[in-house]
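Analysis of the macromolecular model
Residue-level listing of the chains:
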Amino acid sequence: MEKIFQKLSLASATLVFVLLVGIFLTLYSAAKPAIDEFGLGFITNPEWNKEVVVPTTPDAANKAEALNSNDDTITGEDDVMIADEDDEIADEDEMLLDDEDESVTKTIYGGLVPIVGTLLSTLIALVFALPIAMGIAVFLAEIAPKNISNIVGIAIELLAAIPSIIFGMWGLYYFAPIVADIVGGYQVSLLTAGLVLGVMILPFMAAITRDSMNTTPAVLKESAYALGATKFEVIKDIIFPYSKVGIIGSIILALGRALGETMAVAFLIGSIFELPKAINSPTISIPVAMANNFGEASGLGESALFYLALILFIISFAVISLAKFYFLKKAK
Amino acid sequence: MRLLINKIFLGLSIGSALIGLSFLAWILITLFMKGLGSFHFSLFLNDLIDGGLRNLIIGQMILAGLASLIGIPLGMTAGIYIQEYGQGKYASLIRDLSDIMMSAPSIVIGAFVYAIVVVPMGGTSGWAGAIALAIMMIPVVINTTDSMLSLVPRELREAGIALGASKYKVIIDIVIKAAKVGIMTGILLAFARIVGETAPLLFTSETSNYFTLNLNESFPSLTVSIYDLANEPEKSSRDLAWAASFILTVMVLIINLTGRFVTRNKK
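Residues numbered from 1 in each chain as written. Chains lettered and ligands numbered in written order. Predicted model: local features only at pLDDT ≥ 70, side-chain atom pairs only at ≥ 80, totals over all residues.

Some thoughts on the overall build of chain A
The helix and strand inventory of chain A stands at twelve helices and two strands. From first element to last, N terminus to C terminus, chain A shows the α and β order α-β-α-α-β-α-α-α-α-α-α-α-α-α. Residues classed as buried in chain A amount to 43% of the 332 residues present. Once local pairs closer than 6 in sequence are excluded, the contacts in chain A between residues at least 24 apart make up 80%. (Helix = DSSP H or I, 4+ residues; strand = E, 2+ residues; numbered from the N terminus. Buried ≥ 20, exposed ≤ 12 C-beta atoms within 10 Å, placed from the backbone. Contact = placed C-beta atoms within 7 Å.)

Below is the structure:
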């Protein structure tokens, strides 16, 4: 019995490892056709789902060349003229092939637009949320009396509990019109998506930052107060330096959250595969590209979406590991 | 001058707290106004096909409930392994990986389940949705179990073993009992989180306009239907989406607050 229980718990723990590796391998194998087709150039290609006419497939061109060279060897070295003519004929053949078979079009998928959209909307969210989150954390940890801090703390955590789809609807119908009135431009845009994303990560960032600040030993703060320091000076010179590493970790962790957020952004970013011309023009992000196109996609298109998923998974894996293992570990 | 800077800084800090609170208030007030405006008790009696939400609410609870049935035992046993059995490197590796998985993008988990469940099964299904939510839940349960068990004093375990109990008996009868309240809170918060999830369900369970208990076909989901309804041009659909959002948020917040209340009382 003891053995069984121990084995079971080991198996469950191993499941985590299996799942993570499984996610990576599954995404990779589903993305394989797109990876083979587009390679790393996928990341810098701004076209999505664009039909391009290709003269012939590379296979056919190779075959034609092979045939020509065969002809050359047969006709001998002195008949260069003839060989040239052969080439021309082969070219004409290729043209003919094109005319007959117009379906020699390729659909090109590139990931640049959603990748840029994801990074920029996250950046906007961060710039917007950072100062407010720091202010809230300072308020909760240092300024408010204990009972007010508790109540406000719970309220902020409730904000974090609200489902992301609610943020999306509220953002689209109530928040974005106001932003668009002030800034101008579209209601669905990089800017409004980033700002709503910022509101979403705000409570998360504030909560971890508060926890980091709370680790500052009371003795340090009290000595500074005893020397006549004001609250601002204590926070700036004692608490921030002491909990700096933890705070950076919490910011990066919030960034990881924002990168993968789907629903709130889906309502607001506009969902068009176009690089944003300005901060208030619409674009798309990786999660939104997946949410909107997965249903209809098949073949190479679906594979390209898995390629995007793989890229997102790797980026967020890297960001979260950096936060957890470098900054938050050090903070402990 | 120093005092002035201090005042300005404190003012800014209080100001940001007010901004945070006003966002919460703004969202909640919007939800109440729009949600209550379109709210009607008949929403609980009809299915989506007849303009109600009954099948969606039941479907969402079934998906989250099934996910919990899969995720809680797996997460708890894994947490027990990390804290009680595991030594050294492997246990801390699993702990770190579980932390990473907790923040993995939910849409990526949806895509993963799509590839391993939906494609082999030949279509979206309730099972796929429940599995996707379970994967979201497992790392959260591991995290709570792990940290709550670490709070149980060593002496309790030693006393149990001194009485001749085997290790698993000690874990089940003593350690888990001592950490019960904390673990339950964590599980309730995890449940509240997955009830409101949309992204992992989009291409796993999808949603359905009809009432069904058959987990082998597309399964009604409140959140996915909110997304569909909110994007439709008719005002009636959007009103229904607001009513559904209102119900969803109330459900999530009640579960969340229950979790917090339980711990508070125990303290």
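Overview of helix 9 (residues 231-260) of chain A
Taking 1.5 Å per residue as the helical rise, helix 9 of chain A with its 30 residues ought to reach 44 Å, whereas the 37 Å between its terminal C-alpha atoms falls clearly short. Approximately 65° is the largest bend angle found in helix 9 of chain A, and it occurs at lysine 244 of chain A. (Expected span 1.5 Å × (residues − 1). Bend = angle between axes of the 7 residues up to and from the residue.)

Structural notes on the interface of chain B and chain A
Each side of the interface is counted separately: chain B has 69 residues, and chain A has 68 residues. Broken down by secondary-structure element, the contributors of at least two residues to the side of chain B that touches chain A are helix 1 (2-38), helix 2 (54-85), helix 3 (88-102), helix 4 (106-121), helix 5 (126-149), helix 7 (167-195), helix 8 (222-230) and helix 9 (235-266) of chain B. A total of 20 residues in the side of chain B that touches chain A trace back to one element, the largest contributor, which is helix 1 of chain B. Taken together, the residues that form the side of chain B that touches chain A break down as 46 nonpolar, 18 polar and five charged. (Nonpolar A, V, L, I, M, F, W, Y, C, P; charged D, E, K, R; others polar.)

Observations regarding helix 8 of chain B
The buried fraction of helix 8 of chain B amounts to eight of the nine residues, a majority that puts the element mostly inside the structure. Looking only at helix 8 of chain B, the buried set comprises Leu222, Thr223, Val224, Ser225, Ile226, Tyr227, Leu229 and Ala230 of chain B.

Let's talk about the environment of aspartate 237 of chain A
Inspection of the secondary structure puts aspartate 237 of chain A in helix 9. The exposed category is assigned to aspartate 237 of chain A, around which 12 C-beta atoms lie within 10 Å.

Points about the packing of helix 6 (residues 154-162) of chain B against helix 7 of chain B
All names here are of chain B. Contact pair helix 6 / helix 7: the axes reach a minimum separation of 10 Å and the direction vectors enclose 155°. It follows from the interaxial angle that helix 6 and helix 7 lie roughly antiparallel. Of the two possible hands of crossing, helix 6 and helix 7 adopt the one that is right-handed. Residues Leu156, Arg157, Gly160 and Ile161 of helix 6 form the contact with helix 7, whose own contacting residues are Val170, Ile174, Val175 and Ala178. Taken together, the residues that form the contact of helix 6 with helix 7 break down as six nonpolar, one polar and one charged. (Axes fitted to C-alpha atoms, helices over the stretch in contact; angles between N-to-C directions. Parallel < 35°, antiparallel > 145°, perpendicular 65-115°, else oblique. Left-handed = near helix turned anticlockwise from the far one by under 90°.)

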